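Letter by letter, the chains look like this.
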Protein chains: 6
Amino acid sequence: MQRIAIYPGSFDPVTNGHIDILKRALDIFEQVVIAVAENIHKAGLFTAEERIGLLREVVAGDDRVEIDLFSGLLVEYARRRGACTIIRGLRAVADFEYEFQLALMNRQLYSALDTVFLMTDQSHLYVSSSLVKEVARFGGDVSTFVPPPVERALRDRFK
Amino acid sequence: MQRIAIYPGSFDPVTNGHIDILKRALDIFEQVVIAVAENIHKAGLFTAEERIGLLREVVAGDDRVEIDLFSGLLVEYARRRGACTIIRGLRAVADFEYEFQLALMNRQLYSALDTVFLMTDQSHLYVSSSLVKEVARFGGDVSTFVPPPVERALRDRFK
Amino acid sequence: MQRIAIYPGSFDPVTNGHIDILKRALDIFEQVVIAVAENIHKAGLFTAEERIGLLREVVAGDDRVEIDLFSGLLVEYARRRGACTIIRGLRAVADFEYEFQLALMNRQLYSALDTVFLMTDQSHLYVSSSLVKEVARFGGDVSTFVPPPVERALRDRFK
Amino acid sequence: MQRIAIYPGSFDPVTNGHIDILKRALDIFEQVVIAVAENIHKAGLFTAEERIGLLREVVAGDDRVEIDLFSGLLVEYARRRGACTIIRGLRAVADFEYEFQLALMNRQLYSALDTVFLMTDQSHLYVSSSLVKEVARFGGDVSTFVPPPVERALRDRFK
Amino acid sequence: MQRIAIYPGSFDPVTNGHIDILKRALDIFEQVVIAVAENIHKAGLFTAEERIGLLREVVAGDDRVEIDLFSGLLVEYARRRGACTIIRGLRAVADFEYEFQLALMNRQLYSALDTVFLMTDQSHLYVSSSLVKEVARFGGDVSTFVPPPVERALRDRFK
Amino acid sequence: MQRIAIYPGSFDPVTNGHIDILKRALDIFEQVVIAVAENIHKAGLFTAEERIGLLREVVAGDDRVEIDLFSGLLVEYARRRGACTIIRGLRAVADFEYEFQLALMNRQLYSALDTVFLMTDQSHLYVSSSLVKEVARFGGDVSTFVPPPVERALRDRFK
């Protein structure tokens, strides 16, 4: 029986959609490690440390959740952590195609590693970190898309 | 922590793709109930009893797996069984769209019920019960697509 | 300036998703004709007369809406009515592909006829007449998917 | 070097889209066998003999084209004919998904058999046999979608 | 009854596909505002002023069309203009997914704002500003994809 | 009868998926020209010369294959070479949409030029140059995704 699952992503920043997927994952797994990826290809809006800080504020006090930084290959990180499950949220067909390709590649690199796809609540279907940043950049109200600490951080960043 | 998941379908007949998804589900859940749907809309190639018989032969001896018949709404069946997770295998975009719609509907009907999508091994990506039946009908070799008891049953049915 | 648009479909039965699209169409067009198609290929759950009756109950009193029966080619019906716009609701990629093909065909048959795609509210994304019938058939609660007269009709039909 | 390719389908009836794909195939292959499938699951509008008769009228005089009837598995037919290439036309994403699954299955059943996908001219993107029959059934003008002999046959059938 | 619709985009540069969508929109709405977005993320081939200049040349003399520059959130621009409809052209599935997500987000930010999807003529299905720029960059003939003033501007830019 | 086909791409670097498509193309065409595109928009991991060098090592000794550099429009290159067929490999829906658009554009620019889509073996479905580079960058084992010379080159580049 698997006890631990890894939920990887950029979380730049964490949205209500991410939190929704996390809650669904915690109905299935005893422990979920949120693995925050260092972006090596592009600069994020928030640094990895800031993204981790926001996640900690948002899921504070739930000891079934661990927040960690990872760099390098996700499969190597999973192997090191002894995890056999990757959690991914699905929203759309474009998501699905890429996720499918990635999951097959990861399985090839580490055959014991499987990917579990969960579906976000329909109220979050259109919420992505990049759209949220776009709205916040121009002073739009993002309070229904992100938790309060993230809303404050976005307001600070773009003021 | 969820201990039980339901893997619903027609299984007319069970293929190696279904078995692959079942094994992946058993890495995550302590018990999986294969819930064989009575087809009310169309006659299957095998009756519900035959489909259950083939499943029993194929997964014999694994007491983490239960095989059951269900009719009516899947959400009601899940409620009765105390299960909060539905297992579905994904192969293609067309699958995904329909599954997505169904999962949202089921969640609306029974909010505690969530759907977990697993991905079949790439060697089974093209294997579906209906394609297998099409091949077997014309005497094609289906031994790489279905377990031996199913191969025998298909040969008997179409001879 | 176009004053009239046609919203064609089977409406077997009308759902809250249809009503949502209708309301959005009425923000754009002065009059919308709900054109109920006679199903020649397959028997519906409700007859064309019953489907029209339910629609009348649901949109009663809004004189910007006309409910009509049509058979034959939609483009001929539109030509007879002097309408140059077809309204279609979009939910998913599978919808989109088929609708796209149909709209190009219709435009070829009647070049003045254009198709306008509207998007249903996200709370109706998974609601289709066929899923609703499936749920009602087994005694499931469909009150959040269809207007009250339709809910009663479904209960009568399946009791 | 492959000299012969098989272009399978129902051709119920042949459309300008099919003819367009055939012409493109003849730019690549020395001989193309149009393999008309007997529909065992559903009755067509035209019998297999009628469908073959229409094809003969339409491609008359081109001795690079052979028209043949096949039943059973396409891979067995291809093996018997010594053909290693299947021709398929692509129009849309829904086509693509199904064709992809079928091509992988066929390759598994007969590893030397490969599928070549060609793209119809954009003027035929929306033309399918079933839409054409729908239009003709109600007396619509199908002269831009099908060759003249097919137009006459459709008019006869539906008068 | 809505009188005004907004057709937003980069228009870098305007293509015949854009013009085709504009004409279809003018069959439905009394006035269409072409809202040219300032690209803040990436430099365009043409500046916002040049893109507006080309649009003015191309739609000169049609006083139902207004061309405007906008920056910031589209929903805020629509609110300021008193417009309740966004016009978007659809070509492909990849378009559709993204447009769908965007439209749901915009509706959340400004609930009175709806998105109307129109379908370009099939002769423009493959025409996009970026492909046109790619072709023009290497001296290819783009005269069937863009209006004459745009063709001249592209030739000047890349000579 | 076409004797020559062009297989264009970045090949940065060539993968087993590319080699698989090449072999399938050689079953149909007498000669295949691998046309390596100079990337003008973004720097590749390998220069065009290095990418060509790796291709030469991998397909050495097969005189049905020519490896060439091209810049500018693919259609102009095809015209110069007297080739009427473009070879493209298909993996996923996202691929398909873009390829479809590109093929229609190319056909418009050079009407004698047709695109033939081939499907990679299912064992390569998830292999792309960019995923391979991602894995190699972090020291992952790419030996099942690329030929040995490419594996060595990737190890050198990222050490």
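Bear in mind that the values here come from a model prediction, so they are computed numbers and not experimental data.

Colleague: Please clarify how the overall build of chain A should be interpreted in this entry.
Modeller: Within chain A, the secondary structure is distributed over six helices and five strands. On C-alpha atoms alone, chain A measures out to a radius of gyration of 15 Å, which is about the 15 Å that the 2.2 N^0.38 rule sets for 159 residues. Dimensions along the principal axes, computed over C-alpha positions, put chain A at roughly 45 × 35 × 30 Å. A burial count over chain A gives 60% of its 159 residues as buried. Across chain A, every contact between residues at least 6 apart in sequence was considered, and the portion connecting residues at least 24 apart equals 76%. In the structure as shown, chain A presents an accessible area of about 6300 Å², 47% of it carried by carbon and sulfur atoms.

Colleague: How do you make sense of helix α2 (residues 48–58) of chain E when you look at a structure like this?
Modeller: The α-helix winds at 3.6 residues per turn, so residues separated by three or four positions along the chain end up facing the same way. All names here are of chain E. Among the residues of α2, those classed as buried are Ala 48, Arg 51, Ile 52, Leu 54 and Leu 55. Axial view of α2: buried residues confined to an arc of 160°, hence all on one face. Summarising the contacts, the buried residues of α2 are in contact with β2 (31–37), β3 (65–70) and α6 (148–158).

Colleague: So what exactly am I meant to see when it comes to the relation of the copies chain B and chain A here?
Modeller: One chain copy maps onto the other through a rotation about an axis and a shift parallel to that axis. Relative to chain A, chain B is turned by 180° and slid 0.0 Å along the rotation axis, the superposed coordinates differing by an RMSD of 0.0 Å. Put plainly, the chains are arranged around a two-fold axis. Among all residues of chain B, the one whose C-alpha sits closest to the rotation axis is B:Phe117, at a distance of 2.4 Å. Comparing interface residues between copies, 100% of those in chain B also sit at the interface in chain A, which points to an isologous, same-surface contact.

Colleague: Hey, could you run me through the interface of chain B and chain A in this one?
Modeller: Many analyses report the size of an interface as the accessible area lost when the parts associate. Counting residues at the interface gives 30 residues for chain B and 30 residues for chain A. Carbon and sulfur atoms supply 65% of the area that chain B and chain A bury against each other, a total of about 2700 Å² over both sides. The closest approach of N and O atoms between A:Asp114 and B:Arg24, which form a salt bridge, is 3.0 Å. For the pair chain B and chain A, the number of links is seven residue pairs in polar contact (both at pLDDT 80 or more). The set of elements that each furnish at least two residues to the side of chain B that touches chain A consists of α1 (16–26), β4 (85–90), α4 (93–109) and β5 (114–119) of chain B. The leading source of residues in the side of chain B that touches chain A is α4(B), at seven residues.

Colleague: Can you help me understand the interface of chain A and chain C in this one?
Modeller: With five residues of chain A in contact, the opposing surface of chain C contributes five residues. A buried area of about 370 Å², summed over both sides, lies between chain A and chain C, and 54% of it is on carbon and sulfur atoms. Connecting chain A to chain C are zero salt bridges. Between chain A and chain C we count one residue pair in polar contact (both at pLDDT 80 or more) in total. Residue composition of the side of chain A that touches chain C, by class: three nonpolar, two polar and no charged.

Colleague: Mind showing me how you'd approach the environment of B:Arg80 here?
Modeller: Residues and elements named next belong to chain B. Tracing the sequence through the fold places Arg 80 in helix α3 (residues 74–81). Residue classification places Arg 80 among the exposed residues on the basis of a relative accessible area of 61%. Taking C-alpha positions, Arg 80 is 41 Å from Phe 138, a pair spaced 58 residues apart along the chain.

Colleague: Any chance you could explain the packing of aromatic side chains here in plain terms?
Modeller: Each aromatic ring pair is characterised by the separation of its centres together with the angle its planes make. Taken as a whole and assessed by the stated rule, the structure comprises 18 aromatic pairs over all chains. Both rings, one in F:Phe70 and one in F:Tyr77, keep their centres 5.4 Å apart while their planes meet at 35°; by these two values the pair is tilted. Each member of the pair, F:Phe70 as well as F:Tyr77, is classed as buried. D:Arg79 extends its terminal NZ or CZ atom over the ring of D:Tyr110, reaching a point 4.4 Å from the ring centre.

Colleague: How do you make sense of the pattern of salt bridges when you look at a structure like this?
Modeller: Note on pairing: side chains with opposite charge can pair once their charged atoms come close. Tallied over the entire structure, the rule returns 84 salt bridges over all chains. In this structure, the salt-bridge partner of E:Arg24 is E:Asp121, at a minimum N-O distance of 3.8 Å. Separated by 97 residues along the polypeptide, E:Arg24 in helix α1 (residues 16–26) and E:Asp121 in the loop between β5 (114–119) and α5 (129–137) bring together distant segments of the chain. Judged by relative accessible area, which is 11%, E:Arg24 ranks as buried. Several salt bridges share partner residues, and in doing so they unite A:Asp20, A:Arg24, A:Asp121, B:Arg107 and B:Asp114 into one network.

Colleague: Could you clarify how one ought to interpret the side chain of F:Lys133 in this entry?
Modeller: Note that F:Lys133 resides in helix α5 (residues 129–137). In this view, F:Lys133 contacts F:Asp12, F:Pro13, F:Leu45, F:Leu154 and F:Phe158; residues no more than four positions away in its chain are not counted.

Colleague: I would appreciate a short explanation of the confidence of the model for chain A in the present structure.
Modeller: Close reading of the predicted structure is inappropriate where its pLDDT is low. On average, residues of chain A score 91 in pLDDT, and 96% of them are at 70 or above. At the level of chain-chain contacts, confidence expressed as ipTM amounts to 0.89, with global pTM at 0.91.

Colleague: What exactly am I supposed to notice about the pairing of strand β1 (residues 4–9) of chain B here?
Modeller: Each regular strand shows side chains that alternate between the opposite faces of the sheet. Residue and element names in this part refer to chain B. Here β1 lies mainly inside the structure; six of its six residues are buried. Burial along β1 is two-sided: Ile 4, Ile 6 and Pro 8 and Ala 5, Tyr 7 and Gly 9, pointing in opposite directions, are all buried. When β1 meets strand β2 (residues 31–37), the two strands line up parallel, connected through six bridges. Counted as the bridge partner of Pro 8 is Ala 35 from β2. In this region the chain leaves β1, passes through α1 and returns to the parallel neighbour β2; the handedness of that crossover is right-handed.

Colleague: How do you make sense of the environment of C:Ala136 when you look at a structure like this?
Modeller: Residue and element names in this part refer to chain C. Positionally, Ala 136 belongs in helix α5 (residues 129–137). With a relative accessible area of 10%, Ala 136 lands in the buried category. A sequence separation of 19 residues divides Ala 136 from Arg 155, and the C-alpha atoms of the two residues are 7.0 Å apart. Once residues lying within four places of it in the same chain are set aside, the contact partners of Ala 136 are Val 142, Leu 154 and Phe 158.

Colleague: I would appreciate a short explanation of the environment of B:Glu50 in the present structure.
Modeller: All names here are of chain B. Within the fold, Glu 50 resides in helix α2 (residues 48–58). Overall, the relative accessible area of 31% leaves Glu 50 in the partly exposed class. Sequence-distant contacts of Glu 50, defined by excluding residues within four places in its chain, comprise Leu 45 and Arg 157. Only 2.8 Å separates the side chain of Glu 50 from the backbone nitrogen of Thr 47, close enough to count as a polar contact.

Colleague: Could you clarify how one ought to interpret unusual backbone geometry in this entry?
Modeller: Excluding glycine, residues mostly carry a negative phi; peptide bonds, for their part, are mostly trans. All names here are of chain B. The step from Asp 12 to Pro 13 runs through a cis peptide bond, and the omega angle for that step is 0°. Not every positive phi belongs to a glycine, and Phe 11 is a case in point at roughly 50°. By the secondary structure assignment, Phe 11 is in the loop between β1 and α1.

Colleague: I tried to follow the packing of helix α2 (residues 48–58) of chain C against helix α6 (residues 148–158) of chain C on my own but got confused; where do I start?
Modeller: The description of two packed helices rests on the angle between their axes and on the distance between the axes. Residues and elements named next belong to chain C. Put simply, α2 and α6 touch, their axes get as near as 9 Å, and they point 145° apart. Along its contact with α2, which presents Glu 50, Leu 54, Glu 57 and Val 58, the element α6 presents Pro 149, Val 150, Arg 152, Ala 153 and Arg 157. Class assignment of the residues belonging to the contact of α2 with α6 gives a composition of five nonpolar, no polar and four charged.

What counts, and at which threshold
- Residues numbered from 1 in each chain as written.
- Chains lettered and ligands numbered in written order.
- Predicted model: local features only at pLDDT ≥ 70, side-chain atom pairs only at ≥ 80, totals over all residues.
- Heavy atoms only, no water.
- Helix = DSSP H or I, 4+ residues; strand = E, 2+ residues; numbered from the N terminus.
- Rg over C-alpha atoms; globule rule 2.2 N^0.38 Å.
- Buried < 20%, exposed > 50% of the residue type's maximum accessible area, 1.4 Å probe, protein only.
- Contact = heavy atoms within 4.5 Å.
- Areas by Shrake-Rupley, 256 points an atom, 1.4 Å probe, with all protein chains shown as cover.
- Arc of directions from axis to C-beta.
- Least-squares fit on C-alpha atoms with pLDDT ≥ 70 in both.
- Buried area = accessible area lost by both parts, 1.4 Å probe.
- Salt bridge = Lys/Arg side-chain N within 4 Å of Asp/Glu carboxyl O.
- Polar contact = N/O pair within 3.5 Å; in protein donor to acceptor, adjacent residues only side chain to side chain.
- Nonpolar A, V, L, I, M, F, W, Y, C, P; charged D, E, K, R; others polar.
- Phe/Tyr/Trp six-rings, centres within 6.5 Å; stacked < 30°, edge-to-face > 60°.
- Lys NZ or Arg CZ within 6 Å of the ring centre and 35° of its normal.
- pLDDT = per-residue confidence, 0-100.
- Pairing = 2+ DSSP bridges.
- Right-handed = clockwise from strand over helix to strand, strands pointing away.
- Axes fitted to C-alpha atoms, helices over the stretch in contact; angles between N-to-C directions.

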